[in-house]
Amino acid sequence: MTTQASAPPPSTKSQALRSYDVADFPALTGLEEEWRFTPLKRLRGLTSEAPAATGAVRHEYGDLPEGVAITRVGRDDERVGSVLIPVDRVSALAYGAAADALLLRVASDVVLGEAVRLRVVGEGVEQPAFGHTFVEVGRFAEATVVLEHVGSATLADNVEVAVADGAKLTLVTVADWADDAVQAQHLKIKLGRDAKVIHIQVSLGGDLVRQFTSVEYTGRGGEAELYGVYFADSGQHLEHRQLVDHNVPDCRSYVGYRGALQGESAHTVWVGDVLIQAEATGTDTYEINRNLLLTDGARADSVPNLEIETGEIAGAGHASATGRFDDEQLFYLMARGIPESEARRLVVRGFFAELINKIPVESLRESLGDAIEARLTKAGA
């Protein structure tokens, strides 16, 4: 599949170029609609050809419950590439440069009583690293998987998530990188008939983190709930993009992301795309993004997009809001004797609480709450 740099842009998301070959994607200029918010120079060469020497990340995990296995598979494994076809140059580069894939498999009919936690640990920013992860949840299985990113890295990676018929997956991804880390990730979820996924994406650390999440349905009754929590500090660039492709009838999706920003040049980007194709009758979808600016000098870009090709739907809508503290909330708290700095912290904690409480791992909820509190205390909020 090849396209020319002079070719007109696709008129619909369903026509966008998809290819495993990085050569099919023209060099990026920053003028492309999909990249106009991203500071390309800060990607440290992740848009170029794969270097001769590459960096490394390692994976850590504890004892696995019965019915769960984590192994490495070769690029010739039939599952690799069965869910995700790269839609941009960086994803295609990562697909071609990853030496193998890490497979996390939950067997059919298994119902896990505890979360499976997998840590991706960066081991340095000097050389770009490339990764590929495949999460497979068998028919009628129920599981919670936590994928954490820590350490220092310059990483481009792809994550494929296959949720079979009748299965239920809660997937929590956490980007809690060191301050010097850079990551560009494409995470693709494919849902079977009557399957359900709840994805909670948390972004706190890193110099630049760009995460693209896409969803595809393969049978009726699929449900996808995508939630996001992000907090950008001074100089950070945190970018989240979603594409929910309703391509079969009678499926549902909900997207809800919330972000806070503080400090000079803190920048967040949220772009939510929902496509309802002509054959996707009975679709029910909604997306919303809310941003809270805590200081001057911070910038939040928020772009909800809804593309509908059929009028026979159950419902569709989108919303976006960006603003500062609600003065009435602060007044209410301060009128009851709460100091202004503590009142501001309470407002921010309340702003995030609904989404953080969706994480089914208590220790992770507590650590994220502590991290947000530490940022607020550091800024003297």
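Use the structure listed above.
Predicted model, so just to flag it, every value in this text is computed and none were measured. Note on numbering: residues in each chain are counted from 1, in written sequence order. Only residues with pLDDT of at least 70 get local features here, since the model is predicted, and only at 80 or more are side-chain atom pairs given and counted; chain-wide, interface and lining totals rely on the full set of residues. Side-chain metrics in this entry use all non-hydrogen atoms of the structure; hydrogen atoms and water are not considered.

Draft legend 1. How the structure looks around the packing of aromatic side chains. Aromatic pairs are defined between Phe, Tyr and Trp rings, using the six-membered ring for Trp, whenever the two ring centres lie within 6.5 Å; interplanar angles under 30 degrees are classed as stacked, those over 60 as edge-to-face, and all others as tilted. Scanning the entire structure with this criterion turns up 5 aromatic pairs. The interplanar angle of 35° and the centroid separation of 6.3 Å between the aromatic rings of Phe 231 and Phe 352 together place this pair among those described as tilted. Of this pair, Phe 231 sits in strand 10 (residues 223-232) while Phe 352 sits in helix 3 (residues 340-356), placing them 121 residues apart in sequence. Relative accessibility thresholds used throughout: buried, under 20% of the residue-type maximum; exposed, over 50%; partly exposed, between the two (1.4 Å probe, protein chains only). A relative accessible area of 0% places Phe 231 in the buried class. Classification of Phe 352 by relative accessible area gives buried; the value is 1%. By way of ring pairs, the aromatic residues Tyr 227, Tyr 254 and Tyr 286 are connected into one cluster. The ring of Tyr 95 has Arg 75 sitting right over it, with the charged end atom 5.3 Å from the ring centre. Above the ring of Trp 35, the side-chain terminus of Arg 210 is found at 3.6 Å from the ring centroid. Labels follow the DSSP assignment, with helices taken as runs of H or I lasting at least four residues and strands as runs of E lasting at least two, numbered in each case from the N terminus. Lysine and arginine charges are scored as sitting over a ring when NZ or CZ, respectively, is within 6 Å of the ring centre and within 35 degrees of the ring normal.

Draft legend 2. Expanded view of the packing of helix 2 (residues 327-334) against helix 3. At a minimum axis separation of 9 Å, helix 2 and helix 3 run at an interaxial angle of 125°. With respect to helix 3, the element helix 2 is oriented oblique. Crossing geometry of helix 2 relative to helix 3 is assigned as right-handed. Contact residues: helix 2 offers Gln 329, Leu 330, Leu 333 and Met 334, while helix 3 offers Glu 340, Ala 343, Arg 344, Leu 346 and Val 347. Of the residues belonging to the contact of helix 2 with helix 3, the class tally is 6 nonpolar, 1 polar and 2 charged. Lines fitted to the C-alpha atoms define the axes, with helices restricted to the stretch that makes contact. Angles between their N-to-C directions range from 0 to 180 degrees. Orientation is classified from the angle alone, with under 35 degrees giving roughly parallel, over 145 giving roughly antiparallel, 65 to 115 giving roughly perpendicular, and any other angle giving oblique. Take the far helix as the reference: if the near one is turned anticlockwise from it by less than a right angle, the crossing is left-handed, and if turned clockwise, right-handed. Pairs of residues are marked as contacts when any of their non-hydrogen atoms sit within 4.5 Å. Each residue is assigned to one class: nonpolar for Ala, Val, Leu, Ile, Met, Phe, Trp, Tyr, Cys and Pro, charged for Asp, Glu, Lys and Arg, and polar for all the others, Gly among them.

Draft legend 3. Examining the layout of surface pockets more closely. Put simply, the second largest pocket is a space of about 300 Å³. Cavity means a closed set of points on a 1 Å grid over the protein atoms alone, one where a 1.4 Å probe fits but cannot get out, pocket means an open set with protein on both sides within 12 Å along at least 5 of 7 lines, and lining means a residue has an atom within 4 Å of a point. Residue lining of the second largest pocket: 22 residues in total, with Val 57, Asp 100, Phe 130, Gly 131 and His 132 positioned closest to the centre. Per-class residue counts for the lining of the second largest pocket are 11 nonpolar, 8 polar and 3 charged. Grid points are joined across faces, edges and corners, and a volume is the space filled by probe spheres set on the points.

Draft legend 4. Representation of the side chain of Arg 241 within the structure. For Arg 241, the location among the structural elements is in strand 11 (residues 237-246). The exposure class assigned to Arg 241 is buried, which follows from its relative accessible area of 4%. Here the side chain of Arg 241 touches Glu 34 through a polar contact of 3.1 Å, landing on its backbone oxygen. Pairs of N or O atoms are called polar contacts if they sit within 3.5 Å, as long as, within protein, a hydrogen donor faces a hydrogen acceptor (for residues adjacent in sequence, only side-chain-to-side-chain pairs).

Draft legend 5. Structural detail: the nonpolar core. One finds Leu 104, Val 106, Val 161, Leu 169 and Leu 191 to be the most contacted residues of the largest nonpolar core, which totals 55 residues. Among the elements that make up this core, the one with the highest residue count is strand 5 (residues 142-163) (8 residues). Judged by nonpolar contacts, the second largest core, of 28 residues, contains Val 229, Leu 294, Ala 343 and Ile 359. Definition used in this section: a nonpolar core is a set of buried Ala, Val, Leu, Ile, Met, Phe, Trp, Tyr and Cys residues joined via side-chain atoms within 4.5 Å.

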